[in-house]
Structure formats: C-alpha cells, structure tokens
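# An overview of the molecular structure
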Amino acid sequence: MQINFFIALLILSSITSIVLTLYSFRRKYKVRGGIEFSFLMLFIAIWSTGAVFEQMLTDLNYKIFWSVITYFGIPFTPVLLLIFVLRFSQQDSWLNKRKTILLFVAPVISLIMAITNTFHHLLWPTVTIISGIGGVTAKYEHGIWFWVTALYSYTLIFTATILLIRASLRFSNLFANQSKLFLTSLIFPWIISIGYTLKSDLFDYVEPTPIAFTLTGLFISLGIYRYYFLDIIPIARNLLFDNFRDGILVFDYNNRIIDSNHAIEKILNKHNLIGNSIDSELSEIPALLNLCLKKESGKLELHIDNIILGASLIDIKDKRNQFIGTLLTLQDITQKKKEELALLKSEQDLKELNSAKDKFFSIIAHDLKNPFFGIIGLSEILHEDYNELSEEEKKKLVQEILELARNTHRMLENLLDWSRQQTGNIKFHPKLFNIKHLIDDNFVTAQQQADLKNIKLLKNYIDITVFADENMINTIVRNLISNAIKFTLPGGSIEASAKQNNDHAEISVKDTGVGMDNATLEKLFRIDQNIKSTGTFGETGTGIGLILCKEFIEMNKGKITVESISGKGSVFTFTLPVK
C-alpha cells in the first residue's frame, strides 16, 4: 500500500463526495432535482473511493479489481448529471420512465463489460504496472468499449452543458446566476477527463477525473446553498408563470406585448406573442381589444365558443406612480357560471317546494275539509228529517252525498299520488299496453257521473300500443275525463281520441264545457298559483289533478298541451312514446 500527493487528493475527493452524498440525501426532497443530485454524488463517491484503493494498492490484481469497482460509478455519473440538469432547468417534460431506463442501458452494459473484461478484453486489452511520480500505477490500454463509453459520456455531458446554457439565458436574475455557477462547474470534468482520455501519460496514469467531478458536485452544492435552494424549491419565474391557470399578458404603453404565459397562448390559440402588438393579436376579440386600449383598470366577461372568460385589466406603475404598462388576466369562469346557474335553479326549486308545501296544507286545511262538511250536513238532514222527507227528496240527498264522497275521494287520491311523487316514493314501471282499453275502462267508470248531467261520452280512437307506466297513465286519463265532466254543462259532450304520429301517440280529451280564459290558462300546471274552480253542478277543485297529470306525463317522456276558448270548451292533449 502506498500514499502520495495524488492519492491524498483522491482521498480528499472521496471524503468530500461521501459527505455531500449523505447531506444531499437528507434534504433530497427540498430541491427540484434533489434526488438525482443525491444519486449523482453517490456515484461520484463510489468512483472516487474505488480510485483511492486502485491507486493505494500496488498489486495488479487488486488494481484491476478496484478499477472494476469504479465502473459502478463512472458510466452512471454522466447520466445522473444530465437528469439533474433536466430537472433543475424544467426541461424534463419528455423524460418519462421508459426514456430514463434507456439512458441507463449503455452504463449497465459498460459495468458488465468491466466485470467480464478478463474474458473479452474489449474495455482494457492489456493492463500493466509502471512506476512514476504517482507511485506504482497501472497503465490501462483503451479498448473499443472504452471509447464507446467515453463517447456516450461526453455526449451526455455536452447535452447537460447546452441545457445549462439555455437555462442561464432563459431564467431571470437569481436563477440565471445559479445556472451560470452550475455551468462553470462543468469546466473541470471537460478539461481533465478529455486530457486524461487522450494523454494518460501526462497524469502519470493517475486518473484525476473523479476529482474533477467532485469539484463539479461541490460547485453545484455551493449554488444550492448560496441561493438557499435546499430551503425552497427552485421554481423559476418560468415555472410559476407558465403553470399559472389563468392567462396572463403584459403589454407596455406602446401596446407591445412584453410577456405572456402558456395559458393565454392556449386561450387565444396563438404562440410567440412577445414583441407583437395587442392590436394584431387581439383583433379577433374586439371587446377584449377595446378594454385593453382604454388603458385603465376594468373587468369584462367574454364568451368564446363554449367557454366563459373573465377578463381583468390592472395598471402597472413604477415607484414614481408613472404608468409603464398593463397586466391582463383571463380566467376561465365557465364552471363558476354553471355553479351560479345551479344555485339560482336551486333557489327556484326551493321556492316551488315551499309553494308545494303551502298548497298541500291549504288543500288539507280547506279543500279537503269543506266537502266533509257537506257530506255531514246532508247526512244530518237525511237522518233527522227522514220520516218527513219524500222518497224523491231522500233519493236526491243520497245522490248528492254520493257525489260529494266521490269528488272527495278523487281529490284525496290525487293528493296522495302527488305527495308520493314529490317525495320520490312512487314507483315508475313502464311497459307496453293498449291505450284504447285503458280509455274504455275509464269511460265505463265515468259513465254514471256523466249520466247525471246527461253528457255524451264519445270515442274516436284505435288500438295503439304505448310504452309507459300504466298506473300513471290511468290516473292522467281519469283526471282529464273527470275534469271534463265537471266543467261541461248538462246536455254537452266529451270526446276521447287517440292517434299515432310517427314515434309517439297523441291522446286528447275534448269537451264542450265552459272553457278558460288566457289568464287561467297561464296558471295551469303551476303549483305556486291558486286556481279555485267550481264545476257546473257546484263541484269544487284544487288544480292538483292537472299538476299531477303534467308531472306523470313528463316522467313518461311525454308532453301535455291545452287549447281552450271561454264559453266553448277545452281540449287537453298529451303524448306518449310508442314501440
């Protein structure tokens, strides 16, 4: 074992690189590229440590062994240097997992070639012991794979150098200075490694390259510590500015664009805005251009295609409060507007819900209670004066009680169905059924009610199969026929018709009743409107039946319309899908 000045330098290099490795690994997450820098120093440390033992030991076999160990660091160091520079300079968008692995393929092959050199001698064809200023050293003849490794390493270092030059030109102030310091650190490996590769004898075959790379790591560390980049992530102005979600455009008092970010380029669908005039770049959006030309703070809402943008203009002034430029921001407020519309709809739904609640309590408190007063009153007359009443009078009272009970029952059915529908407890089971049979059944049920008024029930429909919830459609038809009878004068007629029109069926109930004026028509189907109506025989109504009809029809993917002329009658028409 030997020790001399050159070996002492290698030992110092090894210790320095190990210390930097340990320290950088402790704080690797506090710097962009910190993980890569930590591994860079690790590989330099392996390289330096291997070089120390290779120089200290004098036996040829030991020297070859430790030279192989250095290849656990030599080919990997340039790769980690490139990746670190890519991360630091924010130019790593293309560097995915697959490409990273590809970068390490050549270094892994070089390591394998070093381990297996005794079998193929492609890395070191011959290794001989010599003595000189550096003591007992080994002279390694360079084989073809050595030159492949050298060419690959220099290519990576050259690429890293170019990237740092670009970063120093692209970044501002603090970040540019740091980039220049990193760039300076690459001078050492360039000069020393090229010199050793081409003229090993100048260094008496003592390899100084690990020392050069240790100096590179030391300068990078100095750049990191000097500018506090282990305490803050080195997000240059570019990273913050370009990744800002809002579009930003800065222009001077001559309307010349002096800065912009990626977001506004995407919004405007334009590139390379800097240096151009806002007159040309914003000409396609006149409203925005006019806002900018005013040169005063203001806001504007823009609609571009399906996007809603909020434009904001802020004056930029110097320390003397002199106008020097303008900052324009464009913010995508589409989602915000959708949320505002959703809130308005929610408020409207809440109003309708409150109206529904009020309507519900009103029906219970008055409309549902009053018919029972009539039933009780007529029943008391029949009970108390039964012996004094004639058979005709008794029969009339019983008929009135029956009619009141039927009306109240229909009202209660509608109220319960509507209540279940509002609370989502009503089941929706669409199926195929014949609408003709359903209308026939409802005409049979309504015949007695129609006979009391001498109203004719007319049929004008054919067999049509519809796809809907049969129970809901039965409720709709029952309500429309019942309403028609209620508001039709004695001797009138009611006609039910059904026909098929392309992919839907049209069902109508037409009467010759009292009809409605326009003011009443506008209130139909609205829960927030009170419609107090009385039939031609004094029948009461709440309007809840028609509201229920509309909601049931819409649940079945249909529509309901009404035509009416006061004094002449009404026609209610609704559609249903057919299959």
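What counts, and at which threshold
Residues numbered from 1 in each chain as written. Predicted model: local features only at pLDDT ≥ 70, side-chain atom pairs only at ≥ 80, totals over all residues. Heavy atoms only, no water. Helix = DSSP H or I, 4+ residues; strand = E, 2+ residues; numbered from the N terminus. Buried < 20%, exposed > 50% of the residue type's maximum accessible area, 1.4 Å probe, protein only. Contact = heavy atoms within 4.5 Å. Areas by Shrake-Rupley, 256 points an atom, 1.4 Å probe, with all protein chains shown as cover. Pairing = 2+ DSSP bridges. Salt bridge = Lys/Arg side-chain N within 4 Å of Asp/Glu carboxyl O.

Before going further, it helps to spend a moment on the overall build of the protein. For the protein, the count of helices and strands is 21 helices and 16 strands. For the protein, buried positions account for 46% of its 579 residues. Nonlocal contacts in the protein, meaning residues at least 24 apart in sequence, comprise 65% of its contacts between residues at least 6 apart. On the protein, roughly 31100 Å² of surface is accessible, and the fraction owed to carbon and sulfur atoms is 59%.

With that settled, the discussion passes to the pairing of strand S12 (residues 504–511). The pairing of strand S11 (residues 493–501) with S12 spans eight bridges and is antiparallel. By the bridge assignment, glutamine 500 is partnered in S12 with alanine 505. Pairing between S12 and strand S16 (residues 569–577): seven bridges, direction antiparallel. Looking at S16, one finds that lysine 510 is bridged to valine 571.

Here six bridges tie strand S15 (residues 560–565) to S16, and the two strands are oriented antiparallel to one another. In the strand pairing of S16, glutamate 563 is matched with valine 571. Joining the antiparallel neighbours S15 and S16 is a turn of three residues, in which glycine 567 adopts a positive phi near 90°.

Counted under the stated rule, the structure contains nine salt bridges. Ionic pairing is found between lysine 337 and glutamate 301, a salt bridge with its closest N-O pair at 2.9 Å. Pair noted here: lysine 337 is in helix H15 (residues 334–367) and glutamate 301 is in strand S5 (residues 298–304), with a separation of 36 residues, a long-range link. We classify lysine 337 as partly exposed; its relative accessible area is 22%. Linking glutamate 470 and lysine 431 is a salt bridge whose minimum nitrogen-to-oxygen distance equals 3.1 Å. Taken together, the residues glutamate 470 in helix H19 (residues 470–486) and lysine 431 in strand S8 (residues 430–434) connect sequence positions 39 residues apart. For glutamate 470, a relative accessible area of 29% translates into the label partly exposed. One network of salt bridges, in which partners are shared, links Glu301, Lys337 and Glu340.

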